[in-house]
Amino acid sequence: MSVLVQSFFHRDSNTFSYLVSDPTSGEAALIDPVLDYDPDTDASSEAPLHAALQAIEQQGLQLRWLLETHAHADHVSAGRRLKQRFPQATLAIGEGIRAVQATFAPRYGLQLPAADEIFDHLFSDGETFALGELHCQVIAVPGHTSDSIAYLIGDALFTGDSLFMPDGGTARCDFPGGDAAQLYRSIQRLLALPDTTRVFVCHDYGPGGRDVANETTIGEQRAHNIHVHDGVAEAEFVSVRQARDATLEEPKLMQPAVKANIQGGA
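Residues numbered from 1 in each chain as written. Predicted model: local features only at pLDDT ≥ 70, side-chain atom pairs only at ≥ 80, totals over all residues. Heavy atoms only, no water.

Here we look at the packing of aromatic side chains
Phase 1 of the analysis: What the rule picks out here adds up to 13 aromatic pairs.
Phase 2 of the analysis: Geometrically, the ring pair formed by Y18 and F158 is tilted, given 5.3 Å between the ring centres and 55° between the ring planes. Separated by 140 residues along the polypeptide, Y18 in strand β2 (residues 15–21) and F158 in strand β13 (residues 156–158) bring together distant segments of the chain. Comparing Y18 with F158 shows no difference in burial state: the two are buried.
Phase 3 of the analysis: Three or more aromatic residues joined by ring pairs form one cluster here, namely F9, F16, Y18, F158 and F200.
Phase 4 of the analysis: Across the ring face of F104, the terminal group of R107 is positioned such that the distance to the ring centre comes to 5.8 Å.
Phase 5 of the analysis: Between K259 and the ring centre of Y108, over which it is positioned, the NZ or CZ distance is 5.4 Å. (Phe/Tyr/Trp six-rings, centres within 6.5 Å; stacked < 30°, edge-to-face > 60°. Helix = DSSP H or I, 4+ residues; strand = E, 2+ residues; numbered from the N terminus. Buried < 20%, exposed > 50% of the residue type's maximum accessible area, 1.4 Å probe, protein only. Lys NZ or Arg CZ within 6 Å of the ring centre and 35° of its normal.)

Looking at the sheet that holds strand β6 (residues 62–67)
Phase 1 of the analysis: Spatially, the 6 strands line up as an open sheet ordered β1-β2-β3-β6-β8-β9, and their pairing is mixed. Edge positions in the open sheet fall to β1 (4–10) and β9 (121–123), since each of these has one partner strand only. On average, each strand axis in the sheet is tilted by 25° relative to the strand beside it, whichever way the strands run.
Phase 2 of the analysis: Contacts between helix α1 (residues 50–58) and the sheet are confined to β1, β2, β3 (27–31) and β6, with β1 contributing the most and set at about 155° to the helix. (Pairing = 2+ DSSP bridges. Axes fitted to C-alpha atoms, helices over the stretch in contact; angles between N-to-C directions. Contact = heavy atoms within 4.5 Å.)

Thoughts on unusual backbone geometry
Phase 1 of the analysis: One non-glycine residue, D32, lies in positive phi territory at about 55°.
Phase 2 of the analysis: Accessibility expressed as a relative area gives 2% for D32, which makes it buried.
Phase 3 of the analysis: Phi at D42 is positive, roughly 60°, even though this residue is not glycine.
Phase 4 of the analysis: Mapped onto the secondary structure, D42 falls in the loop between β4 (34–38) and β5 (43–45).

Topic: the pattern of salt bridges
Phase 1 of the analysis: Enumeration according to the criterion identifies 13 salt bridges in this entry.
Phase 2 of the analysis: Between D167 and R210 there is a salt bridge, and its shortest N-O distance comes to 2.7 Å. Pair noted here: D167 is in the loop between β13 and α5 (180–191) and R210 is in the loop between β14 (198–200) and β15 (215–217), with a separation of 43 residues, a long-range link.
Phase 3 of the analysis: Salt bridges sharing common partners tie together E46, R81 and R85. (Salt bridge = Lys/Arg side-chain N within 4 Å of Asp/Glu carboxyl O.)

Comments concerning the pairing of β6
Phase 1 of the analysis: Pairing geometry for β3 and β6, over 5 bridges, is parallel. Each bridged residue has a counterpart across the sheet, and for I31 the counterpart in β6 is L67.
Phase 2 of the analysis: Where β6 and strand β8 (residues 90–94) come together, 3 bridges link them in parallel fashion. Of the residues in β8, the one forming a bridge with L66 is L91.

Below, the structure is given as structure tokens:
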């Protein structure tokens, strides 16, 4: 079933958020919502949410799910803020968040409650849930982070950071808990989906100066992804990924973002 997907781009972090809705029931999910955050002043702003909130109101949608693909390191999640505004919505993330919390909480001196006290629901691999009449499935895709998951909603796949646009390749694997070989195997699960599956990425940086883009297909990924197109073996991918990761700097918001996001954006 083809589902309605509306995208919202946060230029400061090159992040796409998605409002997914069932036209029959009006139920909706918001995937990877973003706050503006200034590390110099510790001030946050809901400005990136305005367009999505306007769409929800104008279209008469019922926000049922606040879905995180993982605990992001490059922006602060708006999940907790939106949960306060929409208490009926379920704030959810993959159950791998427990491992991410165990890794990062001691580094930042945080004493955290259990993950299932922070998030309303922790998804397991293969779990299904409903969005109105839409069938939704969770696919665990660890490798970029331990908690990375993708959401398959109807014919639309939301990959988080695991896959970028074909000319952007794949996500880095050098954060604590990352593993390039594991990411390769995770992505093979996604590439096994039908070629016509629509793919919506979480980030795009406009490689080569092109305009930012956020939608592709599994068929295009298999044919053209610069890191994992058909014929690329695991060892080759790992070598390319590790060489690329060695040149990357830590995201400028990593510490405040991870501190907040392992707490649902608190």
